[in-house]
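One letter stands for each residue in the lines below.
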Amino acid sequence: MKSIFKYFPVIALAFAATSCNDLIDDKEDIDSMYEVALPTVQMSSLKALTYSSAEVSYSCSSIEGLASGGLQIATKEDFSDAKFYEFDSFETSGTVTVSGLSDDTKYYGRLFFSSFNGTVFSETMQFTTPSVYSLFKKANYIDNAFFGEQWDVEVEYAEPLNLYRIKSLYEEGLHLYFQIDGETKAVSICDATGAPASQWVTGIIHPSYGSVFVTSEGSSYVVTDEEEYIKFNFTWKVSAGSFGVMPCYLVY
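Residues numbered from 1 in each chain as written. Predicted model: local features only at pLDDT ≥ 70, side-chain atom pairs only at ≥ 80, totals over all residues. Heavy atoms only, no water.

## Description of the pattern of salt bridges
Counted according to the given criterion, the structure contains five salt bridges. With its nearest N and O atoms 3.7 Å apart, the salt bridge here joins lysine 167 to aspartate 104. Of this pair, lysine 167 sits in the loop between strand S11 (163–166) and strand S12 (176–180) while aspartate 104 sits in the loop between strand S5 (93–99) and strand S6 (106–115); the two residues are 63 residues apart in sequence, bridging distant segments of the chain. Note on lysine 167: relative accessible area 37%, which makes it partly exposed. Of the residues examined, aspartate 104 reaches a relative accessible area of 38% and is grouped as partly exposed. The closest approach of N and O atoms between glutamate 228 and lysine 137, which form a salt bridge, is 2.8 Å. Of this pair, glutamate 228 sits in strand S17 (residues 228–232) while lysine 137 is found in strand S9 (residues 134–143), placing the two residues 91 residues apart along the sequence. By sharing partners, the salt bridges in this structure join Asp103, Glu156 and Arg165 into a single network. (Salt bridge = Lys/Arg side-chain N within 4 Å of Asp/Glu carboxyl O. Helix = DSSP H or I, 4+ residues; strand = E, 2+ residues; numbered from the N terminus. Buried < 20%, exposed > 50% of the residue type's maximum accessible area, 1.4 Å probe, protein only.)

## With respect to the environment of aspartate 88
As for its placement among the helices and strands, aspartate 88 is situated in the loop between strand S4 (83–86) and S5. For aspartate 88, a relative accessible area of 84% translates into the label exposed. Placed 19 residues apart in sequence, aspartate 88 and glycine 69 show a C-alpha to C-alpha distance of 8.6 Å.

## Quick word on the pairing of S11
Burial along S11 is two-sided: the face carrying Leu163 and Arg165 and the face carrying Tyr164 and Ile166 are both buried. When strand S10 (residues 150–158) meets S11, the two strands line up antiparallel, connected through four bridges. Note that in S11 the partner of valine 155 across the bridge is isoleucine 166. The hairpin formed by S10 and S11 contains four residues between the paired strands, and asparagine 162 there has a positive phi angle of roughly 50°. Two strands pair when backbone bridges link them, and S11 and S12 are joined in this way by three bridges, in the antiparallel orientation. Paired with isoleucine 166 across the strands is leucine 176, a residue of S12. (Pairing = 2+ DSSP bridges.)

## Some thoughts on the nonpolar core
Formed by 26 residues in total, the largest nonpolar core has its most connected members in Tyr141, Leu176, Phe178, Phe232, Phe234, Trp236 and Leu250. If we ignore the near neighbours within four places in the chain, the residues touching tyrosine 141 are Glu149, Gln150, Trp151, Val153, Leu169, Tyr170, Phe232, Phe234, Cys248, Tyr249 and Leu250. Grouped together as the second largest cluster of nonpolar side chains are 19 residues, Ala54, Leu71, Tyr85 and Tyr107 included. (Core = buried A, V, L, I, M, F, W, Y, C linked by side-chain atoms within 4.5 Å. Contact = heavy atoms within 4.5 Å.)

## Re the sheet that holds strand S16 (residues 220–223)
Within the open sheet, the eight strands sit side by side as S13-S12-S11-S10-S9-S20-S17-S16. Their pairing is antiparallel. Of all strands in the sheet, those with a lone pairing partner are strand S13 (187–190) and S16, marking the two edges. Taken over all neighbouring pairs, the strand axes of this sheet differ in orientation by 30° on average, direction set aside. Relative to strand S20 (residues 248–251), S17 is paired through four bridges, and the arrangement is antiparallel. Looking at the pairing, lysine 231 lines up with tyrosine 249 of S20. (Axes fitted to C-alpha atoms, helices over the stretch in contact; angles between N-to-C directions.)

Okay, structure coming up:
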């Protein structure tokens, strides 16, 4: 008597193969439901509105299946330092404003839209934010710390930020920002937005200890009938420790 069981593995294998093919077909059908061609994105304009904001106008061939999108802005052309400004909603065309930029800065911008199938970018445009600063006074900066020298500087003032600036005091691109309290005459160092800064990176490189930065405590603005100056009560530091307090002066 022939046993049916010796044919069972063959039948089971055929059934399994058919089932797998059906599952593959089903998966392909499901995938095809979500396959949406990436849209064509075009940036019609990108321009600075104020010293801290910009406006982008764009068009998008389709918003179907989009999960996110927005504007990438960077100060480097390769976008290695890019910030992402995601849009709250998507339209096939629109104009969006972004803020939080720095004044007097060249930026590169491009749109990005992402879906299940990937991310598409627009062409790159560039713009420069205007400076919010104007010349306040010319002064003489006296360094009593590392160099024992003095040199002429221009002190600038940004009225919207109530913020003073000395550009590239020790190193190109590293500006010293500070505020003066109108009542107490106390001077505090700040970041580029006017927020209090715990330290300022000078750009000075110590031959043995590396990057030098300062903290400021007790700095003050002094004005009399005979003189006008700022005493920066800087504590000079490196990663290994502190060199102590060595004041510097800004004499108008």
